[in-house]
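Take a look at the letters that make up each chain.
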Amino acid sequence: MVYRLYREQQLNCDIDTAWEFFSSPHNLSKITPKSMNFVVLSDVYDEPIFQGMEIRYKVSPLLGIPMGWKTVISQVEDYKSFTDFQESGPYKYWNHFHEFVPDKNGILMKDTVDYELPLGILGTIAHRLFVKEKLESIFDFRYKVLNDLFNNKLGEI
């Protein structure tokens, strides 16, 4: 079964600032809970995001057990949207569409994540028991950090 997580957040910045931050894979670690032990393994520091870009990570989503995760940027429309698609990792299917919509208050950022767990009925049970809640807590954390960075001016972008 394919599930969907949708979030949107108003950011008090211009499109250049939003795009620069979100299109850099290394900023993912800033907006991921420390407990996930998220590390970008790919050397993509100064490379602009492009369709076909491969990014490898190490993450510990469950019980501190490290896992490899590889995503491919499957779609890019500069300063508007991009999609990262899991090529290998903890999900059977993962497709994360990032959209940036300029408005009178800055940028409305939208995240749409379509995902499926492996293991059939066991994956469905795991989703009900903890995966859905875990994903929501990750995006709740992300919301708070982004709010601090872009809206409260407490952090450094």
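Now for a quick tour of the structure.

Cut-off values and rules
Residues numbered from 1 in each chain as written. Predicted model: local features only at pLDDT ≥ 70, side-chain atom pairs only at ≥ 80, totals over all residues. Heavy atoms only, no water. Helix = DSSP H or I, 4+ residues; strand = E, 2+ residues; numbered from the N terminus. Pairing = 2+ DSSP bridges. Contact = heavy atoms within 4.5 Å. Axes fitted to C-alpha atoms, helices over the stretch in contact; angles between N-to-C directions. Expected span 1.5 Å × (residues − 1). Bend = angle between axes of the 7 residues up to and from the residue. Buried < 20%, exposed > 50% of the residue type's maximum accessible area, 1.4 Å probe, protein only. Arc of directions from axis to C-beta. 1 Å grid on protein atoms, 1.4 Å probe; cavity = no way out; pocket = protein on both sides within 12 Å on 5 of 7 lines; lining within 4 Å. Points joined across faces, edges and corners; volume = space filled by probe spheres on them. Nonpolar A, V, L, I, M, F, W, Y, C, P; charged D, E, K, R; others polar.

Take unusual backbone geometry next. Leaving glycine out, the prevailing phi sign among residues is negative, and the prevailing peptide bond configuration is trans. In this structure, N37 takes a positive phi of about 50 degrees despite not being glycine. Along the chain, the position of N37 falls in the loop between α1 (15-22) and β2 (39-40).

Below, the discussion takes up the sheet that holds strand β5 (residues 81-88). Adjacent strands of a sheet pair through backbone hydrogen bonds, lying either parallel or antiparallel. What the seven strands build is an open sheet, ordered β1-β7-β6-β5-β4-β3-β2; its pairing is antiparallel. The open sheet is flanked by β1 (2-11) and β2, the only strands paired with a single partner. On top of the sheet, α1 reaches β1, β4 (65-77), β5, β6 (93-103) and β7 (106-116); it is set at about 165 degrees to β6, its chief contact. Here helix α2 (residues 121-151) sits on the sheet in contact with β1, β3 (54-62), β6 and β7, set at roughly 15 degrees to β1.

Three or four residues apart is the spacing at which side chains of an α-helix point the same way, because the helix has 3.6 residues per turn. Taking 1.5 Å as the rise per residue, α2 with 31 residues should run 45 Å; its terminal C-alpha atoms sit 41 Å apart, in good agreement. The largest bend in α2 comes to about 60 degrees, at H127.

Attention now goes to α1. When we look at burial in α1, the residues that qualify are A18, W19, F21 and F22. Burial along α1 is one-sided: seen end-on, the buried residues are contained in an arc of 165 degrees.

Moving on to the layout of surface pockets. For the largest pocket, the calculated volume is near 870 Å³. Among the elements of the structure, α1, β3, β4, β5, β6 and α2 are those that each provide at least two residues to the lining of the largest pocket. Per-element accounting of the lining of the largest pocket gives the leading share, ten residues, to α2. A breakdown of the residues in the lining of the largest pocket according to their chemical character gives 31 nonpolar, eight polar and three charged. W19, E20, S23, S24, P25, V44, Y45, D46, E47, P48, I49 and D78 are the residues that line the second largest pocket.

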